[in-house]
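The chain contents come next:
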Amino acid sequence: MPGELESLLKFEIPEIIFGRGSLKQLGHCSRRMGGDRVLLVTDPGIIATGWIDEAIAYLKQEDLKYVVYDNVVTNPRSFQVEQGALEYSRKECDVIVAIGGGSPMDTAKGIAILASNRGCIQDYVGCNLITEPIPPLICVPTTAGTGSDVSQFAIIANPGKMIKMTILSRAIMPDISLIDPRLLQTKSSEMIASTGMDALTHAIEAYVSSLSWSLTDPHASHAITLVFRHLKEAVYKKTLDPLEGMAVASLEAGAAFSNAILGAVHALAHPLGGRYDMHHGLANAILLPVVLKKNLEYAPEKYALIANAMGIDTRGKTSAEAAEQVPEQIEALIKALHIPTKLSQIGVRKEDIPCLARDAAEDLCMMTNPQKYGVAEIETMYQDAL
Ligand SMILES: [Fe+2]
């Protein structure tokens, strides 16, 4: 697997439909994917916003039948994927639509895998283990950050082992990403901040990844610029212009990381989701400055370019000096967003660090970090973030 990851450069994204009001296209998209009976994967919070009623109206306009599966929680569980797959086959569905944040979208990907490949979701954990094509999959994101709508990743929690499992396969790339920035307006400011920090982490990790290249770099760099331009206003005003800017940031960061993969921040964040059920974006936000300070020396030129993308004037500075501005600027952004800055604030215990570090060292995302860290170094990073 490491050999394959190191030698392969690619750029693959779904069909993208973007714009205010684009949810109207849902029925038509489902129909042209060959669908007749839609499994609509979402969560109770999204249902409460009214977006699902609107989506169903568009499905009905195309005379599509539908089944709603909404037993989805943050950090979706493997049994929920299995339950959804059972629903898909029992109700004889033929297309899957996910409406929600990363959790419904990753659940939908898991359901799609089992619908055509059978077995249990644990069988597909790792890189490119899916052999049968999945059913048509349309993703409609309601958060700006996860990038799951344009990525070939699915992250599913294994509650028995208290870990998050990473499935990476081009087979789970959605067919269509339908992005309607109106849907971002019903999220809380706290959620917009956390998911926005997830997008920023995707962009930075993709930009310095050992698999980054000419097709991923411009998207990663532009996503960083957009986050620094729009995130604060999106959080505090929740108006459509900055939210639309964040939707593009999430899209471009997603396109970059899906193809260049990620790094140590995600490797360290995944065990926190598995053990503490911590929100993924929040875990990233806390870990990002700590990991950056360790990473800078391994890719100073690239971090200097990230400083430029953030809007920092780096004229007259060496690459190392410009790079040092990056964690400082991120800490200032986090402070302005008023989100937690320490893992201990959200219940992480010192005695769990050795276990967390062992899981993080094995995470797929560590492979493409500018430097591969061992368990002892990872323990230090968790300590610094505690
Ligand atoms: Fe992420």
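Below you will find a few notes about this structure.

Cut-offs applied
- Just so you know, the residues in each chain are numbered from 1, in the order the chain's sequence is written.
- Local features in a predicted model are, by the rule used here, given only for residues with pLDDT of at least 70; side-chain atom pairs are given and counted only at 80 or more, and totals for whole chains, interfaces and linings are based on all residues.
- In computing side-chain properties, one takes all heavy atoms of the structure into account and sets aside hydrogens as well as water.
- Salt bridges are defined by distance alone: a side-chain nitrogen of Lys or Arg within 4 Å of a carboxyl oxygen of Asp or Glu.
- Each residue is assigned to one of three classes by its accessible area relative to the maximum for its type, calculated with a 1.4 Å probe on protein chains only: buried under 20%, partly exposed between the two thresholds, exposed over 50%.
- The secondary structure listing takes helices from DSSP runs of H or I that are at least 4 residues long and strands from runs of E that are at least 2 residues long, numbered from the N terminus.
- Contact definition: two residues touch when any of their heavy atoms are within 4.5 Å.
- Distance and chemistry together define a polar contact, namely a pair of N or O atoms within 3.5 Å, with one atom able to donate a hydrogen and the other to accept it when in protein, and with adjacent residues in sequence counting only for side-chain atoms on both sides.
- As a rule, the C-alpha atoms of each element are fitted with a line to give its axis, helices using only the stretch in contact, and angles between N-to-C directions run from 0 to 180 degrees.
- For this classification, under 35 degrees means roughly parallel, over 145 means roughly antiparallel, 65 to 115 means roughly perpendicular, and everything else is oblique.
- Each crossing is labelled by how the near helix is turned from the far one, with a counterclockwise turn of less than a right angle marking it left-handed and a clockwise turn marking it right-handed.
- Note on residue categories: nonpolar means Ala, Val, Leu, Ile, Met, Phe, Trp, Tyr, Cys or Pro, charged means Asp, Glu, Lys or Arg, and polar means any other residue, Gly included.
- At least two bridges found by DSSP between two strands are what make those strands a pair.
- By definition, disulfides here are pairs of cysteine sulfur atoms that lie within 2.5 Å.

Further remarks concern the pattern of salt bridges. For the structure shown, the criterion picks out 14 salt bridges. With its nearest N and O atoms 2.8 Å apart, the salt bridge here joins arginine 182 to aspartate 180. Residue classification places aspartate 180 among the buried residues on the basis of a relative accessible area of 1%. In this structure, lysine 302 engages aspartate 217 in a salt bridge whose closest nitrogen and oxygen atoms are separated by 3.0 Å. Of this pair, lysine 302 sits in helix α12 (residues 300-309) while aspartate 217 sits in helix α8 (residues 217-237), and the two are 85 residues apart along the sequence. For the residue pair lysine 302 and aspartate 217, the accessibility class agrees, reading buried in each case. Taken together, the salt bridges that share partners define one network made up of Arg20, Asp241 and Glu244.

So, on to the environment of serine 116. Looking at the secondary structure, you find serine 116 in helix α6 (residues 102-117). The exposure class of serine 116 is partly exposed, given its relative accessible area of 24%. C-alpha separation for the pair serine 116 and proline 271, spaced 155 residues apart in sequence, amounts to 29 Å. Residue contacts for serine 116: discarding those within four places in its chain leaves Glu132, Pro133, Ile134 and Pro135. Within the structure, serine 116 has its side chain in polar contact with the backbone oxygen of proline 133 (distance 2.9 Å).

All right, on to the packing of helix α10 (residues 264-276) against helix α15 (residues 375-385) then. At a closest axis distance of 11 Å, the pairing of α10 and α15 adopts a crossing angle of 70°. The orientation of α10 with respect to α15, classified from their angle, is roughly perpendicular. The handedness of the crossing between α10 and α15 is right-handed. Taking contact as the criterion, the partners of Ala267, Leu268, Pro271 and Leu272 in α10 are, on α15, Ile378, Met381 and Tyr382. The class makeup of the residues in the contact of α10 with α15 is 7 nonpolar, no polar and no charged.

The strand order across the open sheet built from 3 strands is β5-β8-β7, with neighbouring strands paired in mixed fashion. Of all the strands in the sheet, just β5 (126-127) and β7 (153-158) have a single pairing partner and so form its edges. In this sheet, strand β8 (residues 163-168) lies alongside β7 in antiparallel orientation, the contact comprising 6 bridges. Bridge pairing in β8 places alanine 154 opposite isoleucine 167. The strands touched by α6 are β7 and β8; relative to β7, the strand with the most contacts, the crossing angle is about 90°.

Here we take up the state of the cysteines. The bond known as a disulfide is covalent and runs between the sulfur atoms of two cysteines. This structure, assessed with the given rule, holds 0 disulfides. There is no disulfide at cysteine 127, and the cysteine sulfur nearest it, in cysteine 365, is 11 Å away. Of all cysteine sulfurs, the one in cysteine 29 lies closest to cysteine 139, which takes part in no disulfide; the gap is 12 Å.

As far as function goes, none of this settles anything; it's purely spatial.
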